[in-house]
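Structural description and commentary
Chain residues, written in single-letter form:
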Amino acid sequence: MSQLHSPIIAPSLLAADFLHLDKAVELINDSEADWLHIDVMDGVFVPNISFGFPILEAIRPHIRKPLDVHLMIVEPMKFVRELAALGVDTMNVHYEVSPHLHRSLGAIRDAGMKAAVTLNPHTPVELLGDVLGELDMVLLMSVNPGFGGQRFIPQTVDKVRRLRRMIDERGLSTLIEVDGGVNAKTGAELVAAGADALVAGSYVFAHEDPRAAIHSLKVLAPQTK
Ligand code: DX5
Ligand code: ZN
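All values derive from a computational prediction rather than experimental measurement.

1. Regarding the site of ligand 1
The environment of ligand 1 is made up of 19 residues, and the closest members are Ser12, Gly146, Asp179, Gly201 and Ser202. Interatomic distance of 2.8 Å between a side-chain N/O atom of Asp39 and an oxygen atom of ligand 1. Here an oxygen atom of ligand 1 and a side-chain polar atom of Asp179 are 2.7 Å apart. Protein contact buries 99% of the 380 Å² of open area that ligand 1 shows by itself. If you map ligand 1 onto the pockets, it falls in the largest pocket. Of the residues in the shell around ligand 1, the class split is seven nonpolar, 10 polar and two charged.

Now the structure itself:
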């Protein structure tokens with residue numbers, strides 16, 4: 001069955017004003033945001049470099065909400081211990097760089113974090129059939145990873161629907177999160193299709209009222225069936 005509560009909203013730090021990260025921290029703490037989404041890039045897996053551990057270290061003591069860390073790097077498992085020590089709640093590793101995904105998910109959980117796998121737009125959800133029970137969350141990319149402000153890939157809505165079915169058929173509580181081009185319109189389609197969590201970068205941070213933008217996602221109605 002679809003989740004009947006409001007979606008989890010995770011604003012993406014990538015779209016924040018890096019000269020004033022304290023403002024982003026304040027927004028997360030004092031709004032309806034549920035998590036902070038953090039995009040770490042290496043310039044190899046994706047054609048861009050964002051930020052790394054020093055930024056996480058600087059903000060972690062001030063953020064009162066869970067950190068959802070999205071690693072767009074080729075060897076994410078090198079950093080399990082560092083991320084756990086930094087108080088990261090959810091560690092997202094890309095399917096496309098995980099030859100031993102089952103082992104990686106176990107290692108992430110053993111380190112005390114929630115284990116999530118991220119799928120690029122071209123990677124079918126059906127590939128997760130045999131590890132679904134080991135996953136706390138699946139993060140579906142609705143843009144090609146590496147940059148904020150891109151156009152939502154509409155095919156993602158069907159991927160959410162198919163993954164929702166797989167999770168429900170197995171009676172699991174694995175969450176479905178979607179990242180890229182999320183706004184009130186695409187967010188509504190995703191939540192209706194069965195998404196539990198929405199990442200939003202530019203929609204929140206470029207909005208004239210970021211709190212209102214977060215609210216507009218928070219009130220999206222899940223599908224009742
Ligand atoms: C893109 C990142 C996203 C990004 C989303 O590679 O994974 O989290 O910040 O940005 P918007 O919401 O602007 O598409
Ligand atoms: Zn992301």
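Having put the structure on the table, let's press on.
2. What to know about helix α4 (residues 101-110)
Three or more residues of α4 are buried, namely Leu101, Ser104, Leu105 and Ile108. Along α4, the residues classed as buried sweep out an arc of 100° about the axis, all on the same side. The exposed set on the far side of α4, more than 90 degrees from its buried face, consists of Arg103 and Asp110. Packed against the buried residues of α4 are α3 (80-85), β4 (90-94) and β5 (114-119). Just past α4, the residue Gly112 takes up positive phi, approximately 95°.

3. Let's talk about the layout of surface pockets
Computed from the structure, the largest pocket encloses a volume of approximately 290 Å³. In terms of lining residues, the largest pocket is bounded by 26 residues, among which Phe147, Gly148, Gly149, Gly180 and Gly181 are the most central. Counting only elements with at least two residues in the lining of the largest pocket, the list comes to β2 (36-41), β3 (67-72), β8 (197-200) and α7 (202-205). Looking at the lining of the largest pocket residue by residue, the classes come out as 12 nonpolar, 12 polar and two charged.

4. Topic: the packing of aromatic side chains
Per the counting criterion, the structure on display carries two aromatic pairs. Seen from their ring centres, Phe18 and Phe51 are 5.7 Å apart, and the 75° between their planes marks the pair as edge-to-face. A residue pair is termed long-range when its members are at least 10 positions apart, and Phe18 in the loop between β1 (8-11) and α1 (21-29) and Phe51 in the loop between β2 and α2 (53-59) qualify at 33 residues. Phe51 gets classed as buried once you look at its relative accessible area, which sits at 10%. Judged by centre distance (5.4 Å) and plane angle (65°), the rings of Phe53 and Phe79 are edge-to-face. On the criterion of sequence distance, the pair formed by Phe53 in helix α2 and Phe79 in the loop between β3 and α3 is long-range, its members being 26 residues apart. The class of Phe79 is partly exposed, set by a relative accessible area of 26%.

5. Side note on the sheet that holds β8
In space, the eight strands of this open sheet follow the order β1-β8-β7-β6-β5-β4-β3-β2, with parallel pairing throughout. Whereas interior strands pair on both sides, the edge strands pair on one side only; in this sheet they are β1 and β2. Recorded for the sheet is a direction-independent mean angle of 25° between the axes of neighbouring strands. Bridging between β2 and β3 involves six bridges; their strand directions are parallel. Its bridge partner being in β3, His37 is matched across the sheet by Asp68. Helix-sheet contacts for α4 involve β4 and β5, and the interaxial angle to β5 is about 145°. On the sheet, helix α8 (residues 210-218) packs against β1 and β8 and is oriented at approximately 150° with respect to β1.

How each quantity is defined
- Per chain, residues are indexed from 1 in the order of the written sequence.
- Chains and ligands are labelled by the order in which they are written, letters from A for the one and numbers from 1 for the other.
- Per-residue local features are limited, in this predicted model, to residues with pLDDT of at least 70; the limit for side-chain atom pairs, both in listing and counting, is 80 or more; totals at the level of whole chains, interfaces and linings are taken over all residues.
- Values shown for side chains rest on all heavy atoms present in the structure; no hydrogens or waters enter the calculation.
- If even one non-hydrogen atom of a residue comes within 4 Å of a molecule or strand, that residue is called near it.
- For this analysis, a polar contact is any N or O atom pair within 3.5 Å, provided that within protein one partner can donate a hydrogen and the other can accept it, and provided that sequence-adjacent residues contribute only side-chain to side-chain pairs.
- Accessible surface area values rest on a Shrake-Rupley calculation with a 1.4 Å probe, where residue burial reflects the displayed protein chains alone.
- Only protein atoms enter the 1 Å grid used here. Points where a 1.4 Å probe fits but cannot escape make up a cavity, open sets with protein on both sides within 12 Å along at least five of seven lines make up a pocket, and a residue lines them when an atom lies within 4 Å of a point.
- A cavity or pocket is said to hold a molecule if more than half of that molecule's atoms lie within 2 Å of its grid points.
- As a working rule, the residues Ala, Val, Leu, Ile, Met, Phe, Trp, Tyr, Cys and Pro are called nonpolar, Asp, Glu, Lys and Arg charged, and the rest polar, with Gly in that last group.
- A simple rule labels every residue: compare its accessible area, found with a 1.4 Å probe on the protein chains alone, to the largest value its type can have, and call it buried under 20%, exposed over 50%, or partly exposed in between.
- Each helix corresponds to a stretch of at least 4 residues labelled H or I by DSSP, and each strand to a stretch of at least 2 residues labelled E; elements are numbered beginning at the N terminus.
- Here the arc refers to the directions that run from the helix axis out to each C-beta atom.
- Every residue pair with non-hydrogen atoms within 4.5 Å of one another is taken to be in contact.
- Grid points are joined across faces, edges and corners, and a volume is the space filled by probe spheres set on the points.
- Side-chain rings of Phe, Tyr and Trp, where Trp is taken by its six-membered ring, are said to pair if the distance between their centres is within 6.5 Å; with planes under 30 degrees apart they count as stacked, over 60 as edge-to-face, and otherwise as tilted.
- Pairing between strands is defined by DSSP: at least two bridges between the two strands are required.
- For every element, the axis is a line fit to its C-alpha atoms; helices are fit only across the contacting stretch, and the angle between N-to-C directions ranges from 0 to 180 degrees.

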